[in-house]
Amino acid sequence: MKNKIELLSPAGDIIKGKYALNYGADAIYLGAKAYSLRARSSNFDFKEVAEIINYAHSLNKKVYLVTNIVCHNAHLSAFDDFIKQIIPLKPDAYICTDPFIMDHIRQHDKNAEIHVSTQQSICNSKAALFFKNNGCKRIILARENSYDEIVKMIQTLKNAIDIEHFIHGALCIAYSGRCMISNNFSLRDSNVGGCAQSCRWVYKIFDESKTYSNKFTMSAKDMNQIANMSKLIDSGIKSFKIEGRMKSEYYIATVVNTYRKLIDEYLSTRQIKDMNKYLDEIKNAENRPTAQGWFDGHPNKDEMLYHDVQTKVNQIFAFVVYKKISNDTYEVISRNNFNKDMEFTIIGPNHQNIKTKIKFIKDELGNLISVVKTPMSKISITFDQQLELDKNDIARIAK
């Protein structure tokens, strides 16, 4: 890995994993079909785990396998068979919550690298040292740590154990996922991967005599640490983690690409010349309002979504570049509706954002069209300029 500071991305499936790696992640984390939270993401079968690990290793990058459920007795008997099939695939580390899983991974592979999941809610150096003394290589801090607490913890630990910290994505209403609302309201256990996101449901607030509100949620705004990255980099954190195994490849590409370029600029120059550029860019991936979470300490009402703030799903993801036909014409795969008269921004890991317009569009039969209505169709686009684009560059509709 070329960077001392790691940028770690989610991978909900093999396509998203490759996007994350290609757009600048140093490592990805993913779940197999069992023993992982985020049961509603696609997750990976054993063949796909092997494929993405081999792909990442070919790029000199890493894959961390998420085995972070809280085990009940029913989960114990099948784990040995599961881990025996995983270990030969050589993931670079395992992200674990349950001591049973940590112990049994080591029984089968004494050299296995264990990362302690944020589900353990680690908020102090003594807890970090406990896991260090029990053979763990890294702790993933609870999201509920302030910047000052993180700095003090790292100073106290003196590099005894690596620190990983979430910088972007959803925040749980409970301590790092230790929530029982979903269990009680929908019989879906959040700590074995079944969270129904009950905190985001719309509730009524009332007493015996009066209804006070029909639009109350308990959800926090999503976390966005773009503006704080220079401080976080200087703090000594080893890995910066993005949340979102159920997000789209467009979301992954945009968020990873933005943080990658910001981190590289700061490591190169020790300053950020134009922070607004990164703040504006990250907004292109937002479907919910964002805030900085616990960075300055206990968040207040401004970091919460108390009153049913709903945002429509972002549909500016227009197409993905598939292959070059000529200097100004590319075959692309459509992802949402768009038309010839729109302006587009094309993003990619190997260039700055490119503004462009379309001269004409041809469908799969070679017919000229002005509107693209069918997602996942192959079409050819001739741009109003010569472009050097790469496969899997992403075009979005300019705002």
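Preceding this paragraph is the structure being described.
Caption draft 1: Molecular detail of empty space enclosed by the protein. Evaluation of the coordinates by the stated rule reveals three cavities of 30 Å³ or more. Within this model, the largest cavity holds a volume of roughly 60 Å³. Forming the walls of the largest cavity are His168, Gly169, Asp222, Met223, Lys247, Tyr251, Ala285, Glu286, Asn287, Arg288 and Thr290. Elements that contribute at least two residues to the lining of the largest cavity include exactly strand S7 (162–169) and strand S11 (222–224). Here the lining of the largest cavity is built from residues that sort into three nonpolar, four polar and four charged. What the second largest cavity holds in volume is close to 50 Å³. Lining the second largest cavity are Arg143, Asn145, Ser146, Tyr147, Ile150, His165, Met223, Gln225, Leu232, Trp294 and Phe295.

Caption draft 2: Broad picture of the environment of Ala34. By the element assignment, Ala34 lies in the loop between strand S2 (27–31) and helix H2 (46–58). Exposure remark for Ala34: the relative accessible area of 29% places this residue in the partly exposed category. Counting along the chain gives 41 residues from Ala34 to His75, while the straight-line C-alpha distance between them is 9.6 Å.

Caption draft 3: Examining the nonpolar core more closely. Tyr94 and Phe338 are the most contacted members of the largest nonpolar core, which totals 98 residues. Among the nonpolar cores identified, the runner-up in size contains 13 residues, and Leu8, Val66, Leu171 and Ala220 belong to it.

Caption draft 4: Spotlight on the pairing of strand S15 (residues 317–326). Where S15 and strand S23 (residues 394–397) come together, three bridges link them in antiparallel fashion. Paired with Phe317 across the two strands is Arg396, which belongs to S23. Sheet topology places S15 next to strand S16 (residues 329–334); six bridges connect them, and they run antiparallel. The residue bridging Ser326 from the neighbouring strand is Thr329, located in S16.

Caption draft 5: Representation of unusual backbone geometry within the structure. Of note, Lys90 is a non-glycine position whose phi angle comes to about 65 degrees, a positive value. By the element assignment, Lys90 lies in the loop between helix H3 (79–86) and strand S4 (93–96). Here Lys90 falls in the exposed class, since its relative accessible area comes to 60%. Backbone geometry at Asn392 places phi at a positive 75 degrees, although glycine is not the residue there. With respect to the helices, strands and loops of the structure, Asn392 is situated in the loop between strand S22 (378–383) and S23.

Caption draft 6: The arrangement of the pattern of salt bridges in detail. Throughout the structure, instances matching the rule amount to 16 salt bridges. Arg288 is paired through a salt bridge with Asp222; the nearest N and O atoms lie 3.0 Å apart. With Arg288 in the loop between helix H10 (275–283) and strand S13 (290–291) and Asp222 in strand S11, the pair connects residues that are 66 residues apart, well separated along the chain. Its relative accessible area of 15% is what places Arg288 among the buried residues. In this structure Asp222 comes out as buried when scored by relative accessible area, which is 9%. Among the ionic contacts, a cluster of salt bridges with common partners joins Glu6, Arg138, Glu164 and Lys241.

Conventions adopted
Residue positions within a chain follow its written sequence, with the count starting from 1. Selection of residues for local features in this predicted model requires a pLDDT of at least 70, selection of side-chain atom pairs for listing and counting requires 80 or more, and totals for whole chains, interfaces and linings are taken over all residues. Working from all heavy atoms in the structure, the side-chain values ignore hydrogens and water. Buriedness for pockets is judged along seven lines, at least five of which must meet protein on both sides within 12 Å for an open set on the 1 Å grid over protein atoms alone, while cavities are sets there where a 1.4 Å probe fits but cannot get out, and lining residues have an atom within 4 Å of a point. Grid points are joined across faces, edges and corners, and a volume is the space filled by probe spheres set on the points. Strands here mean DSSP runs of E at least two residues long; helices mean DSSP runs of H or I at least four residues long; both are numbered from the N terminus. In the scheme used here, Gly and all other residues not listed as nonpolar or charged are polar, with Ala, Val, Leu, Ile, Met, Phe, Trp, Tyr, Cys and Pro taken as nonpolar and Asp, Glu, Lys and Arg as charged. Whether a residue is buried, partly exposed or exposed follows from its accessible area with a 1.4 Å probe, protein chains only, as a fraction of its type maximum: under 20%, in between, or over 50%, in that order. Within this scheme, the nonpolar core is defined by two criteria: the residues are buried Ala, Val, Leu, Ile, Met, Phe, Trp, Tyr or Cys, and they are joined through side-chain atoms within 4.5 Å. At least two DSSP bridges between two strands are required for those strands to pair. The rule for a salt bridge is simple: a side-chain nitrogen of Lys or Arg has to be within 4 Å of a carboxyl oxygen of Asp or Glu.

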